[in-house]
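Spelled out from the first residue to the last, the chains are:
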Amino acid sequence: MSTALIVLAAGKGTRMKSDLPKVLHPIAQVPMLIHAMRAGAGLEAARTVIVTGHGSDAVEIVARTEDPDAIIVKQEEQLGTAHAVDQARVALEGFDGDVVVLYGDTPFIQPETLERMIEARSRHDLVILGFDAADPARYGRLVMQGETLERIVEFKDATARERAITFCNSGLMACRSQLLFQLISEVGNSNASGEYYLTDVVELARKRGLGVTAIACDESETLGINSRAELANADAVFQTRARAELLELGVTLMAPETVYLAQDTAIGRDTVIEPNVVFGPGVTVESGAHIRAFSHLEGCHVSRGAVVGPYARLRPGAELAENTKIGNFVEIKNANLGEGAKVNHLSYVGDASVGSGSNIGAGTITCNYDGVMKHRTEIGENVFIGSNTMLVAPVKVGSGAMTASGSVITKNVEDNALAMSRAPQENKPGRARKLFDILKARKEKRARGAE
Ligand code: UD1
Ligand code: MG
């Protein structure tokens, strides 16, 4: 049976004290909404509906970037979780499969857990995902009778006895689409909050004699984010788990607790990551590479055998072929480096291509920006760029060519040519000594004047 996803993302997140909608706050550098959507992607949903509200325009852009086919519906007023799900009714018209409801602010839910929910759904009409809470706090309580979930009672509406229950509602549920919307039509708002509670569908289903159950997942998966402190904690939880996964895959992390990973960081086995390396989104590092200390990588690809850093910065679009070497204080942006190419010290290579075997000398800069537009620098194979060369783009340096140190290259250089563009050197015998004498005399005169 096919599945549809509804992701609730309309809430304001008042306690975040932020202009950014809560679900767009990043964990491991990726908005928490995207974490939830990626977990849901495992279900290969036929339709994905994102319910937006606060900051809906910004949320819509992010959701669409992740899934261009997502259906975005806006909940104009936040009248409760049942009202939020109800916004997806039209989008799911004619859909006859299972619906899974996710929260955009519950980013750690695992794809396997969602699969277990779908599996349980085949045996029960309605499935709720619960967890045993170490501190049940204000979560909705799951009132079980054996295998059957009888109802969910919100903390605010619960009796002292019900508050003693520790099996809590994660908020996630799975149900046949048409049944879910039928049940939601019957939900009212006469409760302590005056909201339309999605949780009420449980009791409504039981009244119809339908089978309702709750399955459990680990509490860490249901971690919700409501404040900056919880956001920071969620990031820490993510980092700990992601580092452990990399170690398990055969990646060496010399000081795991100092390596900061993004949600989608992918690293191959036998790669070594030295201390204090930061990964932004969109980084893939193949096997057997070496990322040295204090490097910052983002939106880039590092091939087998490459060595990066220490203190290197790879920005989006940096593509390093096998066995390339990027040294200290080198920045690479939107540039392809061919096999074995080297940029070892203090350089900026942006909007460029560097052919295999080429060596870029210390202090080289691709001058890619004229103040208005960006231009490309194309460097062929086995080129030697002398130290402190300014490559004023657009410019091409042919294969086998060389540039003299300190040159400002504004014209294309043909294959195998030497390009030299700097003031010729002149040596004046004895002049340095004279100059020193003059300067020292001046200094003494000044010191006497000050007495
Ligand atoms: C909800 C559950 C509670 C559960 C808890 C788990 C209900 C009534 N209660 O409570 O049983 O233990 O989650 O975290 O469902 N949202 C909308 N539109 C709305 C209201 C909410 O999109 O009108 C979204 C929020 O953005 C959030 C999610 O739904 O992603 C949950 O809403 P929230 O207000 O946090 O519900 P809780 O009170 O935490
Ligand atoms: Mg909540």
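Computed from a predicted structure; not experimentally measured.

What follows covers helix 2 (residues 56–66). Within helix 2 the residues assigned to the buried category are Ser 56, Val 59 and Ala 63. What you see down the axis of helix 2 is that its buried residues fit within an arc of 65 degrees, all on one side. For helix 2, the exposed residues set more than 90 degrees away from the buried face come down to Asp 57, Ile 61 and Thr 65. Here the buried face of helix 2 lies against helix 1 (32–41), strand 4 (47–52) and strand 5 (71–74).

What follows concerns the nonpolar core. Ranked by size, the top nonpolar core spans 54 residues in total, and within it Phe 279, Val 302, Leu 314, Ile 326 and Ile 332 carry the most contacts. Elements with a minimum of two residues in this core: helix 8 (228–249), strand 21 (312–314), strand 22 (318–320), strand 24 (330–337), strand 26 (348–354) and strand 32 (395–397). The residues that make up this core include at least three from each of domain 1 (3–222) and domain 2 (249–419). Contact partners of Phe 279, with chain neighbours within four places excluded, come to Gln 29, Val 259, Tyr 260, Leu 261, Ala 262, Thr 265, Ile 267, Ile 273, Val 285 and Leu 297.

Okay, unusual backbone geometry next. Working note: non-glycine residues mostly have negative phi, and peptide bonds are mostly trans. Backbone torsion omega between Gly 309 and Pro 310 reads 5 degrees, so that peptide bond is classified as cis. Structurally, Pro 310 can be placed in the loop between strand 20 (307–308) and strand 21. Cis rather than trans, the peptide bond between Ala 393 and Pro 394 has omega equal to 0 degrees. Counting through the fold element by element, Pro 394 comes out in the loop between strand 31 (390–392) and strand 32. A positive phi angle is found at Ala 137, which is not glycine, with a value near 40 degrees.

This paragraph deals with the environment of Gly 299. Inspection of the secondary structure puts Gly 299 in the loop between strand 18 (296–297) and strand 19 (301–302). Among the residues examined, Gly 299 registers a relative accessible area of 26% and is labelled partly exposed. Here the alpha-carbon distance between Gly 299 and Phe 279, two residues 20 residues apart in the chain, equals 8.9 Å. Apart from the residues within four sequence positions on either side, Gly 299 is in contact with Pro 281, Gly 282, Val 283, Arg 315, Pro 316, Gly 317 and Ala 318.

Oppositely charged side chains may form a pair once their charged atoms are brought near each other. Under the definition given, this model contains 15 salt bridges. Lys 22 is the partner of Asp 105 in a salt bridge, and the nearest nitrogen-oxygen pair spans 2.9 Å. Within this pair, whereas Asp 105 is found in the loop between strand 6 (98–103) and helix 4 (111–121), its partner Lys 22 is found in the loop between strand 1 (3–9) and strand 2 (26–27), the two being separated by 83 residues in sequence. A salt bridge links Glu 331 to Arg 315, with the shortest nitrogen-to-oxygen separation between them at 2.6 Å. Separated by 16 residues along the polypeptide, Glu 331 in strand 24 and Arg 315 in the loop between strand 21 and strand 22 bring together distant segments of the chain. Residue classification places Glu 331 among the partly exposed residues on the basis of a relative accessible area of 22%.

What follows covers the side chain of Glu 162. Assignment of secondary structure puts Glu 162 in helix 5 (residues 160–163). By relative accessible area, Glu 162 is classed as buried at 12%. For Glu 162, the contacting residues outside a window of four places in its chain are Arg 141, Arg 151, Val 153 and Asp 157.

Mapped onto the elements of the fold, Gly 53 is located in the loop between strand 4 and helix 2. Along the backbone, Gly 53 and Glu 77 are 24 residues apart, and their C-alpha atoms lie at a distance of 7.2 Å.

Another point: the domain arrangement of the chain. According to the domain assignment, the chain contains domain 1 (3–222) and domain 2 (249–419). Between domain 1 and domain 2, the C-alpha centre-to-centre distance is 45 Å. Taken together, the contact pairs five residues of domain 1 with nine residues of domain 2. Sorting the residues of domain 1 by area buried against domain 2 places Ala 28, Gln 29 and Arg 38 first, and these three jointly supply 79% of that buried surface. Put simply, domain 1 and domain 2 have zero salt bridges between them. Linking domain 1 with domain 2 are three residue pairs in polar contact (both at pLDDT 80 or more). Here the side of domain 1 that touches domain 2 is built from residues that sort into two nonpolar, two polar and one charged.

Criteria and cut-off values
- Sequence order sets the numbering: in each chain, residues are counted from 1 along the sequence as written.
- Chain letters and ligand numbers both follow the written order, the letters beginning at A and the numbers at 1.
- The predicted origin of the model limits local features to residues at a pLDDT of at least 70 and limits the giving and counting of side-chain atom pairs to 80 or more, whereas totals for whole chains, interfaces and linings rest on all residues.
- Side-chain measures here rest on the full set of heavy atoms in the structure, leaving out hydrogens and waters.
- Only protein chains enter the area calculation, which uses a 1.4 Å probe; residues under 20% of their type maximum are buried, those over 50% are exposed, and those in between are partly exposed.
- Numbering of helices and strands runs from the N terminus; a helix is a DSSP stretch of H or I covering at least four residues, while a strand is a stretch of E covering at least two.
- By arc we mean the arc of the directions from the helix axis to the C-beta atoms, nothing more.
- Between two residues, a contact is recorded if the distance between any of their heavy atoms is within 4.5 Å.
- Think of a nonpolar core as a cluster: buried Ala, Val, Leu, Ile, Met, Phe, Trp, Tyr and Cys residues, connected wherever their side-chain atoms sit within 4.5 Å.
- Domain extents, as shown, originate in an automatic or database domain assignment.
- What counts as a salt bridge is simple: a side-chain nitrogen of Lys or Arg found within 4 Å of a carboxyl oxygen of Asp or Glu.
- Reported buried area values correspond to the accessible surface (1.4 Å probe) lost by two parts on association, with both partners' losses combined.
- Counting of polar contacts relies on pairs of N or O atoms within 3.5 Å, with two restrictions inside protein: one atom must be capable of donating a hydrogen and the other of accepting it, and residues adjacent in sequence are counted only when both atoms are side-chain atoms.
- Under the grouping applied here, Gly and all other residues not named as nonpolar or charged are polar, the nonpolar ones being Ala, Val, Leu, Ile, Met, Phe, Trp, Tyr, Cys and Pro and the charged ones Asp, Glu, Lys and Arg.

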